[in-house]
Protein chains: 2
Amino acid sequence: MKSVKELGERRIIDIILKHLEPMPNMPIHFGDDVSAVDLGRGKLAVIKTDMLVSKTDVPPQMSLWQAARKAVVMNISDLVAKGVKPIALLASIGVPRGFNQKDIERIAAGLNAGAREYDAYILGGDTNEASDLVISCAAFGIGEKNRLMLRGGAKPGDIVAVTDFFGNTAAGLKILLKSLSAPSQLKKKLVDSVLMPRARLNEGFTLAQTGAVTSSIDSSDGLAWSLHEISVASNVGFILSNLPISEEAKKFANLHGLDAVELCLYGGEEYELVVTIKPRLWKTVSKKVSLIRIGRVTKEKTVMFKVGKKVFPIRAQGWEHFKTNLSNS
Amino acid sequence: MKSVKELGERRIIDIILKHLEPMPNMPIHFGDDVSAVDLGRGKLAVIKTDMLVSKTDVPPQMSLWQAARKAVVMNISDLVAKGVKPIALLASIGVPRGFNQKDIERIAAGLNAGAREYDAYILGGDTNEASDLVISCAAFGIGEKNRLMLRGGAKPGDIVAVTDFFGNTAAGLKILLKSLSAPSQLKKKLVDSVLMPRARLNEGFTLAQTGAVTSSIDSSDGLAWSLHEISVASNVGFILSNLPISEEAKKFANLHGLDAVELCLYGGEEYELVVTIKPRLWKTVSKKVSLIRIGRVTKEKTVMFKVGKKVFPIRAQGWEHFKTNLSNS
């Protein structure tokens, strides 16, 4: 019998989904970033839950305020990636016995700050005693059925683009967890990308309104993994011609003899959007939203990176609970 | 600085709520059993999240299937108590490292069974590594604004009633956790009340449609505590003339020299409804739903029990995380 460690998060989710009876006419299939219930008149109630557990999601340098804010942001990011504005959140909190009143206040203030940053509100929740700090948020928003950006619509020839450069969180985690050094300004930027993640609310909403996006995902499990997820859901592949490596990640990689490509592709905990766009609408879209074009959707179901005439495969690898640990990021 | 143990769950919730900016025109105030977002046309999106943590909510004899089912039922019960039918649920699961594939399958099957029992579906969720087994569900339903049964509407003179007799879970927990004995048939009934809790879906929905209910709560924190909650929210009190002690609790109390009144009032983990009803509609309502009339709402903000000419106070005591433990139930 396989242990959860051997299975890894993604196999566990597959096993769970196999045991769930699907709701008839489910507007969003199992395995997308969010779930939904049809409200009629072209509207959907869009819901999402994602759990933050201190021992796997919170580096020791992250404050309780930041951890609570992150628990909110990671849920909001999934709504945003579908083009849905968050309206309200609930938070279930598992609190270790050693916590005190001030700790609770920091968590509450972080939850509130995270929600208000995105014009949403925390409406309620639940507290429990637990061994780890656990913050499980549920996010709610109302989506337009024909404006939803799902994982499954990418078509060969579509342009693939992202909302920012990658690599900062992977570098930031190396500073936080492996004590790697960096000049103070660079260090601050890299560390901040981990401690204060940001969801792309305006970009997600604007992109959804253009009707040009054929698929979308947030990059919380890493750029490579996100591409593989869209590849599976859309039954397509990718060829990248332009890796969106951040200047900071390049500098940090140089400093420590690391591979910046690895930092860019196989990080995680970044909340950028990875989208595919109808080519004829690319110009219109890229005027409305600042996007970095990184490649094309292909018919071949492989995820590749092209440098000059050489082509390299991009591995289906990224952040995964049970298999990945904060300490081996 | 007070520890969370000294504060207790209810003070912790107060502290959290103080740090949350309330949403303008929030259809349901902080501190009720559920939260809601206005959908227009008299409809509300009703949401709830409640977290089950193995070490405080799961007796050792409860199977993983039962624990997962319970995590669903406890969320559904809160919707039901407001007169709202559950439509969909999400589940965030924190899984200990020692679990294997079979354990995951049992949890998934329990989640699905819990939802389908109430004609709802699990739409998705999230898994994480955690020290304890943690199952945080979020439930979603659509409510009618003018049919919602909140905590705050009880009026002096209203009749207070419950959907079943109390005391079985308190007795069942003593069997499970303190190894108290009971004849096999009695034992089965008492233990089952803990392992297989049931939410009052039809009763809740039917009661809401009558328009006769002035306040409602589920009794998951115990009968006494539920009355005190309505007392605070409605700014009223109660005088009970008829304690709804179950026959099984009486038998069990006799057997062990326990006080059946204590088992009835100060248990918890029962998912009955405690409602107040407009007196002139009592007859109509009690024909539609099987209810046990237990007393009256009073202007005096005390919760009392009358036996003959004597009046005893009912303490504001019940199940509370951080303060109550499974092991001292």
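Residues numbered from 1 in each chain as written. Chains lettered and ligands numbered in written order. Predicted model: local features only at pLDDT ≥ 70, side-chain atom pairs only at ≥ 80, totals over all residues.

Focus: the overall build of chain A
Turning to step 1, where the next piece is worked out: The number of helices and strands found in chain A is 11 helices and 12 strands.
Turning to step 2, where the next piece is worked out: Here chain A has a C-alpha radius of gyration of 19 Å; the compact-globule value for 329 residues is 20 Å, and the two agree.
Turning to step 3, where the next piece is worked out: For chain A, with 329 residues in total, the buried portion stands at 58%. (Helix = DSSP H or I, 4+ residues; strand = E, 2+ residues; numbered from the N terminus. Rg over C-alpha atoms; globule rule 2.2 N^0.38 Å. Buried ≥ 20, exposed ≤ 12 C-beta atoms within 10 Å, placed from the backbone.)

What about the interface of chain A and chain B?
Turning to step 1, where the next piece is worked out: Listed by partner, the interface residues are 62 residues for chain A and 62 residues for chain B.
Turning to step 2, where the next piece is worked out: Those elements giving two or more residues to the side of chain A that touches chain B turn out to be α1 (4-18), β1 (35-40), β2 (43-53), β3 (86-95), α4 (101-117), β4 (121-129) and β5 (134-144) of chain A.
Turning to step 3, where the next piece is worked out: Looking at the side of chain A that touches chain B, the element that brings in the most residues is β4 of chain A, giving 9 residues.
Turning to step 4, where the next piece is worked out: Looking at side-chain class alone, the side of chain A that touches chain B contains 33 nonpolar, 17 polar and 12 charged residues. (Contact = placed C-beta atoms within 7 Å. Nonpolar A, V, L, I, M, F, W, Y, C, P; charged D, E, K, R; others polar.)

Points about helix α9 (residues 247-256) of chain B
All names here are of chain B.
Turning to step 1, where the next piece is worked out: Turning to α9, its buried residues number three or more, namely Glu248, Ala249, Phe252 and Ala253. The buried residues of α9 occupy one face: seen down the axis, they fall within an arc of 130 degrees.
Turning to step 2, where the next piece is worked out: Where α9 is buried, its residues meet α5 (168-178), α6 (184-195) and α10 (260-265).
Turning to step 3, where the next piece is worked out: A positive phi of about 65 degrees marks glycine 257, the residue just after α9. (Arc of directions from axis to C-beta.)

Quick look at unusual backbone geometry
Turning to step 1, where the next piece is worked out: For aspartate 119 of chain A, which is not glycine, the phi dihedral falls at a positive 65 degrees.
Turning to step 2, where the next piece is worked out: Here aspartate 119 of chain A is to be found in the loop between α4 and β4.

Observations regarding the nonpolar core
Turning to step 1, where the next piece is worked out: One finds Ile47 and Leu89 of chain A together with Leu89 of chain B to be the most contacted residues of the largest nonpolar core, which totals 222 residues.
Turning to step 2, where the next piece is worked out: Sort the elements by how many residues they give to this core and helix α3 (residues 64-81) of chain A lands first, with 12 residues.
Turning to step 3, where the next piece is worked out: In this structure leucine 89 of chain B touches Val72, Asn75, Ala115, Ala120, Ile122, Leu123, Cys137, Ala138 and Ala139 of chain B, once residues within four positions along its chain are discounted. (Core = buried A, V, L, I, M, F, W, Y, C linked by C-beta atoms within 7 Å.)

A closer look at the domain arrangement of chain A
Residues and elements named next belong to chain A.
Turning to step 1, where the next piece is worked out: Domain boundaries assigned for chain A yield domain 1 (34-147) and domain 2 (159-328).
Turning to step 2, where the next piece is worked out: Put simply, the middle of domain 1 and the middle of domain 2, counted by C-alpha atoms, are 23 Å apart.
Turning to step 3, where the next piece is worked out: With 18 residues of domain 1 at the contact, the number on the domain 2 side is 25 residues.
Turning to step 4, where the next piece is worked out: For the side of domain 1 that touches domain 2, the leading source of residues is α3, giving 9 residues. (Domains from an automatic or database assignment.)

Some words on the relation of the copies chain A and chain B
Turning to step 1, where the next piece is worked out: You can overlay chain A on chain B at an RMSD of 0.0 Å; the transform is a turn of 180 degrees with a shift of 0.0 Å along its axis. When the rotation and shift are considered jointly, the pair of chain copies conforms to a two-fold rotation axis.
Turning to step 2, where the next piece is worked out: Comparing interface residues between copies, 100% of those in chain A also sit at the interface in chain B, which points to an isologous, same-surface contact. (Least-squares fit on C-alpha atoms with pLDDT ≥ 70 in both.)

Focus on the sheet that holds strand β7 (residues 213-218) of chain B
All names here are of chain B.
Turning to step 1, where the next piece is worked out: One open sheet holds the 7 strands; their spatial order is β7-β9-β6-β10-β8-β11-β12, and the pairing between them is mixed. In this open sheet, the two edge strands, each paired with only one partner strand, are β7 and β12 (310-313). In this sheet, neighbouring strand axes are inclined to one another by 25 degrees on average, regardless of whether the strands run parallel or antiparallel.
Turning to step 2, where the next piece is worked out: Packing of helix α3 (residues 64-81) onto the sheet brings it into contact with β7 and β9 (273-277), and relative to β7 it is tilted by some 175 degrees. (Pairing = 2+ DSSP bridges. Axes fitted to C-alpha atoms, helices over the stretch in contact; angles between N-to-C directions.)

Examining the packing of helix α6 (residues 184-195) of chain A against helix α9 (residues 247-256) of chain A
Residue and element names in this part refer to chain A.
Turning to step 1, where the next piece is worked out: Viewed as axis vectors pointing N to C, α6 and α9 meet at an angle of 120 degrees, and their least axial separation amounts to 10 Å. Taken together, α6 and α9 sit at an angle that is classed as oblique. The handedness of the crossing between α6 and α9 is left-handed. Along the contact surface, α6 presents Leu186, Lys189 and Leu190, while α9 presents Glu248, Lys251 and Phe252.
Turning to step 2, where the next piece is worked out: Tallied by class, the residues present in the contact of α6 with α9 amount to 3 nonpolar, no polar and 3 charged. (Parallel < 35°, antiparallel > 145°, perpendicular 65-115°, else oblique. Left-handed = near helix turned anticlockwise from the far one by under 90°.)

Some words on the sheet that holds strand β12 (residues 310-313) of chain A
Residues and elements named next belong to chain A.
Turning to step 1, where the next piece is worked out: Strands sit in the order β7-β9-β6-β10-β8-β11-β12 across an open sheet of 7 strands; the sheet is mixed. Edge strands, defined here as strands with exactly one partner in the open sheet, are β7 (213-218) and β12. The sheet shows a mean angle of 25 degrees between the axes of neighbouring strands, taken without regard to direction.
Turning to step 2, where the next piece is worked out: As paired elements, strand β6 (residues 159-162) and strand β10 (residues 292-298) share 4 bridges and run antiparallel to each other. Bridge pairing links valine 160 to glycine 295 in β10.

Overview of α5 of chain B
All names here are of chain B.
Turning to step 1, where the next piece is worked out: Where burial is concerned, most of α5 is hidden: 9 out of the 11 residues are buried.
Turning to step 2, where the next piece is worked out: For α5, the complete set of buried residues consists of Asn168, Thr169, Ala170, Ala171, Gly172, Leu173, Lys174, Ile175 and Leu176.
Turning to step 3, where the next piece is worked out: As for α5, its buried residues are in contact with α6, α9 and α10.
Turning to step 4, where the next piece is worked out: Positive backbone phi, approximately 55 degrees, marks serine 179, located one or two places after α5.

Observations concerning the pairing of strand β8 (residues 237-240) of chain A
All names here are of chain A.
Turning to step 1, where the next piece is worked out: When β8 meets β10, the two strands line up antiparallel, connected through 4 bridges. Its bridge partner being in β10, glycine 237 is matched across the sheet by threonine 298.
Turning to step 2, where the next piece is worked out: Note: β8 against strand β11 (residues 303-307), 3 bridges, orientation parallel. Of the residues in β11, the one forming a bridge with leucine 240 is phenylalanine 305.

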